[in-house]
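A structural walkthrough
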Amino acid sequence: MEFSLKTEKDTENLGIILGKAAKNGDVFCFIGDLGAGKTVMCRGVAVALGVDEKDITSPTFTIMNIYQGRDFEIKHFDLYRIKRREELYDIGFQEYVGGSGITLIEWGDLFSDELPYEHLKVELAFENSFRRAILTPFGKRYEEILTGVKGDADVSD
């Protein structure tokens, strides 16, 4: 499923749509170049789940942020600075991913073999004057999410 996102707000709105569809245990993997909108979309997901927007920051230097939503935790990873698989074990990545709460992973494509098979991949790319988001489900749960997203496809204000 593809979306054209004309503004940063459109990118955040798609995140909000995903957040509204999220359930406990979901894993969303965001990939794209620097500045493509990964953190903006993660912010939308977290806001939809009850996190105050001002509390959401990129975990580029901390590797992981944990936010408390209305119903459960949101674990927000940024794997950009991780260079070796062993570092994932050092930070307990597998203990957090896909367990209780929602897991948001930026740069997950750097360690795609460490992701759970079932997840939603969100690819963000610049194209001319807009961003393109391509959502790919891995598993029945994520196919269901996209069915719901399709019904709420207008992300613009």
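Anything mentioned here points back to the structure above.
Summary of the structure given here. (Residues numbered from 1 in each chain as written. Predicted model: local features only at pLDDT ≥ 70, side-chain atom pairs only at ≥ 80, totals over all residues. Heavy atoms only, no water.)

1. Details of the overall build of the chain
Put simply, the rule is: Only DSSP runs of H or I covering at least 4 residues are called helices, and only runs of E covering at least 2 are called strands; the numbering of each starts at the N terminus. Both definitions apply: the radius of gyration is a C-alpha atom measure, and the globule rule equals 2.2 Å times residues to the power 0.38. Whether a residue is buried, partly exposed or exposed follows from its accessible area with a 1.4 Å probe, protein chains only, as a fraction of its type maximum: under 20%, in between, or over 50%, in that order. By the convention used here, residues are in contact when the closest approach between their heavy atoms is within 4.5 Å. Think of it this way: Lys and Arg go in the positive column, Asp and Glu in the negative one, and His and the chain ends go nowhere. Charge positions are represented by NZ for Lys, CZ for Arg, CG for Asp and CD for Glu.
Regarding its fold elements, the chain presents five helices and seven strands. Counting helices and strands in the order they occur from the N terminus, the chain gives β-α-β-α-β-β-α-α-β-β-β-α. The C-alpha atoms of the chain give a radius of gyration of 14 Å, which matches the 15 Å a tight globule of 157 residues would have. Projected onto its principal axes, the C-alpha coordinates of the chain cover approximately 40 × 35 × 30 Å. Taking all 157 residues of the chain together, the buried fraction comes to 51%. Summarising the internal contacts of the chain: among those between residues at least 6 apart in sequence, 64% fall at separations of at least 24. The positive charge centre, built from 19 side chains, and the negative charge centre, built from 28, are 2 Å apart in the chain.

2. Looking at the nonpolar core
One recurring pattern in soluble globular proteins: nonpolar side chains tend to sit buried together. To keep things clear, this is the line we draw: Buried residues of nine kinds, namely Ala, Val, Leu, Ile, Met, Phe, Trp, Tyr and Cys, make up a nonpolar core once their side-chain atoms join them within 4.5 Å.
Core analysis: the biggest nonpolar cluster contains 44 residues, and Leu18, Phe28, Leu79 and Leu135 have the highest contact counts within it. Top element by residues in this core is strand 2 (residues 27–32). It accounts for five residues. The residues contacting Leu18, other than those within four sequence positions of it, are Phe28, Met41, Val45, Leu120, Val122, Leu135, Ile145 and Val149.

3. Focus on a nonpolar patch on the surface
How we decide: Each patch is built from salt-bridge-free residues with over 30% relative accessible area, joining like charges within 9 Å and nonpolar side chains (Val, Leu, Ile, Met, Phe, Trp, Tyr) within 5 Å. Computed with the Shrake-Rupley method and a 1.4 Å probe, the accessible areas treat only the protein chains shown as cover for residues. Between Lys or Arg on one side and Asp or Glu on the other, a salt bridge is scored when a side-chain nitrogen of the former is within 4 Å of a carboxyl oxygen of the latter.
A cluster of nonpolar side chains, Leu34, Tyr80 and Leu110, forms an exposed patch at the surface whose accessible area comes to about 290 Å². The topology assignment puts Leu34 in the loop between strand 2 and helix 2 (38–48). We classify Leu34 as exposed; its relative accessible area is 59%.

4. A look at the pairing of strand 2
Where we set the bar: DSSP calls a pair of strands paired once it identifies at least 2 bridges connecting them.
In terms of burial, strand 2 is largely enclosed, as six of its six residues are buried. Pairing analysis gives four bridges linking strand 2 to strand 5 (residues 102–106), with the strands arranged parallel. Counted as the bridge partner of Phe28 is Leu104 from strand 5. Pairing of strand 2 with strand 6 (residues 119–127), which is carried by five bridges, proceeds in the parallel orientation. When the sheet's bridge partners are listed, Phe28 is paired in strand 6 with Leu120.

5. Here's the deal with the sheet that holds strand 2
Rules: For helices, the fitted line uses only the C-alpha atoms of the stretch in contact; every axis is such a line through C-alpha atoms, and the angle between N-to-C directions lies from 0 to 180 degrees.
Spatial ordering of the open sheet is given by 1-7-6-2-5-4-3, a layout of seven strands whose pairing is mixed. Pairing within the sheet leaves two strands with one partner each, and these edge strands are strand 1 (2–5) and strand 3 (64–68). The average angle at which neighbouring strand axes cross in this sheet is 20°, direction not considered. Of the strand pairs in this sheet, strand 4 (residues 73–78) and strand 5 are connected by five bridges, and their pairing is parallel. Each bridged residue has a counterpart across the sheet, and for Ile74 the counterpart in strand 5 is Ile102. The strands touched by helix 1 (residues 8–21) within the sheet are strand 1, strand 2, strand 6 and strand 7 (130–138), with strand 7 carrying the most contacts at an inclination of about 15°. Lying on the sheet, helix 2 is in contact with strand 1, strand 2, strand 4, strand 5 and strand 6; it crosses strand 2 at an angle near 155°.

The values are spatial; any link to function lies outside them.
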